[in-house]
Amino acid sequence: MIGRNVGGNQAWIPLGSFRLQPSEFGKLATCLLLAYYLNTQTNKLPSFKALLIGASIVLFPVFLVMLQPDTGSALAFFSLIFVFYREGYVGTKLLIFGGLAILLFIMALLINQWILIGIIAAICVLFIFLLGKKRKYIIDLSIIFAVASVFVMSVDFAYEKILQPHQRNRIDIILGKMDDPKGQGYNLNQSKIAIGSGKLFGKGYLQGTQTKYNFVPEQSTDFIFCTIGEEWGFVGCVTLIALYVFLLFRIIHIAERQRTTFARVYAYGVASILFFHFFINIGMTIGIVPVIGIPLPFISYGGSSLWSFTILLFILLKFDSMRKGLSPN
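Values in this document were obtained by computation on a predicted structure and should not be read as measured data. (Residues numbered from 1 in each chain as written. Predicted model: local features only at pLDDT ≥ 70, side-chain atom pairs only at ≥ 80, totals over all residues. Heavy atoms only, no water.)

Looking at the overall build of the protein chain
Put simply, the test is: Numbering of helices and strands runs from the N terminus; a helix is a DSSP stretch of H or I covering at least four residues, while a strand is a stretch of E covering at least two. Exposure is judged per residue with a 1.4 Å probe applied to protein chains only, and the accessible area is read against the type maximum: over 50% gives exposed, under 20% gives buried, and values in between give partly exposed. The contact rule is simple, with two residues in contact once any of their heavy atoms fall within 4.5 Å.
A count of helices and strands for the protein chain gives 13 helices and three strands. Taking the principal axes of its C-alpha atoms as reference, the protein chain extends roughly 65 × 55 × 45 Å. Within the protein chain, the proportion of its 329 residues that are buried is 40%. Excluding contacts between residues fewer than 6 apart, the proportion of contacts in the protein chain whose partners are at least 24 apart in sequence is 64%.

What to know about helix H2 (residues 48-66)
Note the following rule: Here, expected helix span is obtained from the residue count minus one, scaled by 1.5 Å. The angle between axes fitted to the seven-residue stretch ending at a residue and the seven-residue stretch beginning at it gives the bend at that residue.
For H2, built from 19 residues, the straight-helix expectation of 27 Å at 1.5 Å per residue is met to within 8% by its first-to-last C-alpha distance of 26 Å. Approximately 25 degrees is the largest bend angle found in H2, and it occurs at Val 58, with the proline Pro 61 only one to four residues beyond. For H2, the set of buried residues is Ala 50, Leu 51, Gly 54, Ile 57, Val 58, Pro 61, Val 62 and Val 65. Contact partners of the buried residues in H2: helix H1 (22-39), helix H3 (71-77) and helix H4 (81-86).

Considering the nonpolar core
Heads up, the rule is: Nonpolar cores are built from buried Ala, Val, Leu, Ile, Met, Phe, Trp, Tyr and Cys residues. Side-chain atoms within 4.5 Å join them into one set.
One finds Leu 34 and Tyr 266 to be the most contacted residues of the largest nonpolar core, which totals 58 residues. Contributing elements (two or more residues each) for this core: H1, H2, H3, H4, helix H9 (186-197), helix H11 (224-256), helix H12 (261-286) and helix H13 (303-323). With 14 residues, the single largest contributor to this core is H12. With sequence-adjacent residues up to four places away left out, Leu 34 is seen in contact with Gly 54, Ile 57, Val 58, Leu 80, Val 83, Phe 84 and Val 265. Listed in part, the 14 residues of the second largest apolar core include Ala 108, Leu 116, Leu 141 and Val 155.

Describing the pattern of salt bridges
Just so we agree on the cut-off: Salt bridges are defined by distance alone: a side-chain nitrogen of Lys or Arg within 4 Å of a carboxyl oxygen of Asp or Glu.
Taken as a whole, this structure holds five salt bridges when the rule is applied. The salt bridge involving Arg 86 is made with Glu 256; its shortest N-O contact spans 2.8 Å. Of this pair, Arg 86 sits in helix H4 while Glu 256 sits in helix H11; the two residues are 170 residues apart in sequence, bridging distant segments of the chain. For Glu 256, a relative accessible area of 41% translates into the label partly exposed. For the salt bridge of Arg 264 with Glu 87, the shortest nitrogen-to-oxygen distance reads 3.0 Å. Linking Arg 264 in helix H12 with Glu 87 in the loop between H4 and helix H5 (92-110), this pair joins segments that are 177 residues apart in sequence. For Arg 264, a relative accessible area of 16% puts it in the buried group. Judged by its relative accessible area of 15%, Glu 87 is buried.

Regarding the environment of Val 152
When you line up the elements, Val 152 lands in helix H7 (residues 135-162). Between the alpha carbons of Val 152 and Leu 104 there is a distance of 7.2 Å; along the sequence they are 48 residues apart. Discounting chain neighbours no more than four positions away, the residues touching Val 152 are Leu 104, Ala 108, Gln 113, Leu 116, Ile 117 and Ile 120.

Written out as C-alpha cells, the structure is:
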C-alpha cells in the first residue's frame, strides 16, 4: 500500500536511501511461525488437519506477495514443502507425483494435448497388461488417467489466462518455442555468452567484457552468476557451487542434531529457502529454468536479501549453541 513500484512490482518500501523488501523478511517470519506450529504437534502423528494449517501458514504470505505481484519471491515459499516431507506430513509418493505433474505440464506445452492424452492412455493400458488385469490395478490406473487428462486439458487455460505475457514468453524461450535473442531472450542470451566466454579459468577479476561494458542487465543482482562465470570461468563456477552444496549439507547436519522439533523444522526451512534461491538463480542464468528474478544468497547486491539470509543463519547458529548448552554470550 505504501510501496514503490519498480519494474512492475510494488515490492519495496523506501526508507531514505534504503529500499526495504518485506517479502525477504517474510521468509524468515514464515520459517519461525511454521517451526512454532509444527513444534506443537510433537506428540501427535502427522495429520491432514495439521498439514492444512501448516500449508496455510505458508500460503498466506504467498497470497500477499502475489498481490505485488512478485512471482519469484512467492515461489520461494513453496520450497518449504521439504520441511513437511522431513516431518512426515508429505510422503515420498506425493513428491513423486509433484515431479510428474511438472513433467506433464512441460510436455503439455510441447505436445498437442490430445496426442499427449493418447500417450497417457497407451501407457496406462500397457501397465494394466504388465501388472495383470486385476480390478484393483484397473481402477487405480483409470483414476490416474482421468486426473492426468484433466490436468493436461487445464494447462492451456492456466498458461493463457493465468500467466502474464512476459512469463509465457520466458517459458517459451526455455522450451525452445521462441527465439528472441534481442527481445524477450536478451538477458538470458547475454548471460550465456558471458558464462561461455569465461571458458576454463575466466578472464580475470574485473576483466569480463560482457559484464564490464554492461551487456548483461541486472548483473549485480539477479544475473550476478554470469559475472562469476566470465571472470573466473568453469573453475570459479564449480568452486562457488561446491561451497553452496557444502553450506546446505552443513545446515542439514545441524538440523538433524537438534533436540527440539522447533529448531529442526526451522533449520530445514533455512536449508529449503537457500536451496531454492541457489538452484533457481543459477539455473535461470544458464537457461535451464525460466527467469523469475530472485537473488543469489550472499552474492547478489541487495540490502533486504542480504540481511534476511544473514539473520536466517544467525538464528540457526543461536539454536545450535543452545543445543550444546552454551551461553548466548
